[in-house]
Amino acid sequence: MEEEIRCNVCKEFYREPVLLPCGHAVCRVCAEKLQVHIHDNEGSGSSNDYQEADKASVSSETDSGVVCGSRPNSYAGTPAVPAYSSAAFSITCPSCRKLVYLDDNGADGLPPFRVMRTIVERFGGVTGAPPAEEACQMCEGERRAAVVRCEQCSVRYCAACRDAWHPTRGPLAQHELRALGTTCADHGFPPVQYCVTCLIPICQRCLTERHSIHETQPLATAARTHKTELSQSLQHLSEQAKSMTDHIQKVKASGEKINESCEELEKQIDNACAELTCAIERRRDELIRAARSTKSQAIANMRSLTSHAAQKLREATALLHFSIEALKEPDQAAFLQVGNILSIRAQETAANLCTSLEPPPSPPALNLDIEPVLRTVKSMNFVECTPVENSMKLSAPGAPEMAVEACAARGCSCTLAWKPPPAPSAVRGYVLELDDGLGGPFREVYCGRETVCTIDGLHYASLYSARVKAFNGAGEGPYSEIIGLQTSPVAWFTWDARCSSGGGGGGVSLSADGARAAAAGWQPRVVLADQPLARGLHYWTLRLDAYDGDADPAFGIARADVARDKMLGSDALGWAMYIDGSRSWFVHGGAHGGRTAGGVRCGSTVGVLLDLTRGTLRFTVDDHPQGDIAFTGLRGAFYPAVSLNRGVAVTLQPGLPPPERLLSQLAAE
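Remember, it's a predicted structure, so these values are computed and weren't measured experimentally.

A. A look at the overall build of the chain. A count of helices and strands for the chain gives 10 helices and 34 strands. Among the 669 residues that make up the chain, the fraction classed as buried is 35%. Residue pairs in contact within the chain that sit at least 24 positions apart in sequence constitute 57% of those at least 6 positions apart. Carbon together with sulfur atoms contributes 54% to the accessible area of the chain, which is approximately 39000 Å² in total.

In structure tokens:
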């Protein structure tokens, strides 16, 4: 309440408060300081009709909205239309900033705000001298407020001066003493009616002279009506104040929740960072083991190459020493029996030594790529919970339901779909997990908001198990039921387009469908399939569309980084069968073995059977087995491969059933 009884200008309790037309109060002294003198030419544009309306205290709804409720001879008008040509002063209300024009009396003509003065004296404890027009005219020294006015003497008396100077006896007994209070500014009589049209109290003379055609009410009735309206407004205001108090309490209470939420958030950050640290440490251990495994494999390849080269060197050295001793033979006839043979062997051995020379293995050119992880760490940020999730802060989502009718496996890829958990449940995302196709542990393959996911690069002839779970701010929910997906039992592949060089310069050319490959140069060129094989039983054939008897085609499998400019099988990353018009050899790491009679011609079909369950590799020629098992102990991922030269062209046919004879041999093993 103190804000209502302090002046907005001096910030003190009101002293001699006066009422502005806008309904706000200001100290009389402050009003005198606020008033601004108006030059003569600024208030000369108004009409006489408006002057008369203002003198009659008629307020306009289309004006500034400020009702001039009393002392019309003091208010000159509003900023919209200056009311008097004689307007001399203007005041800007310090509360609502409305501008009011005043006549020559200025701030001295503003009506006193008696209600405000009474309330200030009652609650503010501030008393002061009454205004001059309300003070006793007979007091000496500090004047007191007058209580009566003699109509004959035209003098105001306080209670003490009335008893002392104007007794109700003797010659003065016939004088009329009128009690002072709110009086008519024009006639000095107390108001008896309230003009509803002008919204001011009026005396009897005002009623007769100016307000005879206006709607009026008895003063008591009007006061009672206004008090009732004010009481109702105060009741509504009290209810709104109570609501505001409750709101303030809620806002204050939210501070505790904010503190709790921030503390919980700090714990989440600590836990998340600790989990990331553990994951990085686990990944570090895995990478170190992988690096050591790479080292071991590289060393093993180096030892294998060294052993193979040493064996070749021993064989060549033995032949060299033997031939030297043969040169010492004095019997010419005996020498001629073996001289030609030794010469041919020496030439073949020298040629084999040249072809078997391979560059020493270089150290693995590997670098640890941490840039994606750093970007992910730097992009870590907060996620705003949805309102539903906030209302279910302590409730993790339920288990999603697999949409079996929408799940499918095609070739070496599969599509999985699921339905959100049943309501009520707030879901921020899903985690899809897949095993290795052999009943091994599950691993995460997708994390996001979508309910459909396609996974590529799976193994052929494998049965995969999948499950999904939902999560939100409260944690992770239970897993769905496990669903099984069977990939294609046979592999469908073509030649890798990256192996093509357009056929120019002795390179390899591929057909548009990727099934036919041809080479024109003398240098062998290796062509790989576009997909690796790691599981299952696979059989494919290669038809010789063009073949020169002097060519050296080789058929088989290889690792991804096999040498591309040598015959397949010349290094340790290729396993092949070299075949000509009359015989064949199995070749791996530059070593030949398993010579078998029987060759190929143009139109022949070479078949390759890769059994990754047993780890074996076999070959056929025109559906007949070509030798025994060529290679064993095969583990990992292999690409179907072929090496071509000298105009050889082959057409690939994948995904075939093995010949009955091979199946019989497999069943017998």
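Here the narrative resumes.
B. Just the sheet that holds strand E12 (residues 216-218), in detail. Read from one edge to the other, the open sheet built from 3 strands follows the order E11-E10-E12, with strand pairing classed as antiparallel. Strands at the two margins of the open sheet, each flanked by one partner only, are strand E11 (200-202) and E12. Strand-to-strand twist of the sheet, defined as the mean angle between neighbouring strand axes without regard to direction, takes the value 35 degrees. The pairing of strand E10 (residues 193-195) with E12 spans 3 bridges and is classified as antiparallel. Looking at the pairing, Cys195 lines up with Thr216 of E12. Sheet strands in contact with helix H6 (residues 219-327) are E10, E11 and E12, and its direction is about 95 degrees off that of E12.

C. Structural detail: a negative patch on the surface. On the surface, Glu256, Glu260, Glu263, Glu266 and Asp270 cluster together into a patch of negative charge. Mapped onto the fold, Glu256 is located in helix H6.

D. Inspection of the environment of Ala223 at higher detail. Its place among the elements puts Ala223 in helix H6. With a relative accessible area of 36%, Ala223 lands in the partly exposed category. With 29 residues separating them along the chain, Ala223 and Tyr194 place their C-alpha atoms 8.6 Å apart.

E. Representation of the sheet that holds strand E24 (residues 525-528). The 6 strands lie next to each other as E24-E33-E26-E27-E28-E29, forming an open sheet whose pairing is antiparallel. The sheet is open, and its two edges are formed by E24 and strand E29 (591-597), each paired on a single side. Pairwise comparison of adjacent strand axes, ignoring direction, gives a mean angle of 20 degrees for this sheet. With 5 bridges connecting them, strand E28 (residues 583-588) and E29 associate as antiparallel partners.

F. Molecular detail of the state of the cysteines. Tallied over the entire structure, the rule returns 0 disulfides. Residue Cys158 stays outside any disulfide, its sulfur separated by 3.5 Å from that of Cys139, the closest cysteine. Between Cys414, a free cysteine, and Cys453, which holds the nearest cysteine sulfur, the sulfur-to-sulfur gap is 7.9 Å. A relative accessible area of 2% places Cys414 in the buried class.

G. Structural context of the pattern of salt bridges. Enumeration over the complete set of coordinates arrives at 15 salt bridges. A salt bridge links Asp163 to Arg162; the shortest N-O distance between them is 3.5 Å. For Arg205, the salt bridge goes to Glu209, with nearest N and O atoms at 3.5 Å. Here Arg205 pairs with Glu209, and both are found in helix H5 (residues 204-209), just 4 residues apart, close to one helical turn. Overall, Arg205 belongs to the partly exposed group, its relative accessible area being 43%. The network of salt bridges with shared partners includes Arg516, Arg543 and Asp545.

H. Just the nonpolar core, in detail. Trp540, Leu542 and Leu617 are the most contacted members of the largest nonpolar core, which totals 53 residues. Those residues in contact with Leu617 that lie beyond four places of it in its chain are Ile557, Trp575, Val608, Leu609, Leu610, Ile629, Ala630, Phe631 and Leu634. Core analysis: the next-biggest nonpolar cluster, separate from the first, contains 22 residues, Cys30, Ala31, Leu102 and Phe113 among them.

I. Expanded view of the pairing of strand E5 (residues 89-92). The pairing of strand E3 (residues 36-37) with E5 spans 2 bridges and is classified as antiparallel. Across the sheet, the residue bridging to His37 is Phe89, located in E5. Examined bridge by bridge, E5 and strand E6 (residues 99-102) share 4 bridges and lie antiparallel to one another. Residue pairing across strands places Ile91 opposite Val100, the latter belonging to E6. Linking E5 back to E6 in an antiparallel pair, the connection comprises 6 residues, with Arg97 at a positive phi of about 65 degrees.

J. Layout of the environment of Lys98. One can find Lys98 in the loop between E5 and E6. Considering only alpha carbons, one finds Lys98 and Leu20, 78 residues apart in sequence, at a separation of 9.9 Å.

K. Spotlight on the side chain of Thr620. The residue Thr620 is located in strand E31 (residues 616-621) in this model. What makes Thr620 buried here is its relative accessible area of 1%. A polar atom in the side chain of Thr620 sits 3.0 Å from the side chain of Tyr539. In contact with Thr620, other than residues within four places in its own chain, are Tyr539, Thr605, Val606, Gly607, Pro625, Gln626 and Leu662.

Cut-off values and rules
Residues numbered from 1 in each chain as written. Predicted model: local features only at pLDDT ≥ 70, side-chain atom pairs only at ≥ 80, totals over all residues. Heavy atoms only, no water. Helix = DSSP H or I, 4+ residues; strand = E, 2+ residues; numbered from the N terminus. Buried < 20%, exposed > 50% of the residue type's maximum accessible area, 1.4 Å probe, protein only. Contact = heavy atoms within 4.5 Å. Areas by Shrake-Rupley, 256 points an atom, 1.4 Å probe, with all protein chains shown as cover. Pairing = 2+ DSSP bridges. Axes fitted to C-alpha atoms, helices over the stretch in contact; angles between N-to-C directions. Patch = residues over 30% accessible without salt bridge, like charges linked within 9 Å, V, L, I, M, F, W, Y side chains within 5 Å. Salt bridge = Lys/Arg side-chain N within 4 Å of Asp/Glu carboxyl O. Lys, Arg positive; Asp, Glu negative; His and termini not counted. Charge placed at Lys NZ, Arg CZ, Asp CG, Glu CD. Disulfide = S-S within 2.5 Å. Core = buried A, V, L, I, M, F, W, Y, C linked by side-chain atoms within 4.5 Å. Polar contact = N/O pair within 3.5 Å; in protein donor to acceptor, adjacent residues only side chain to side chain.

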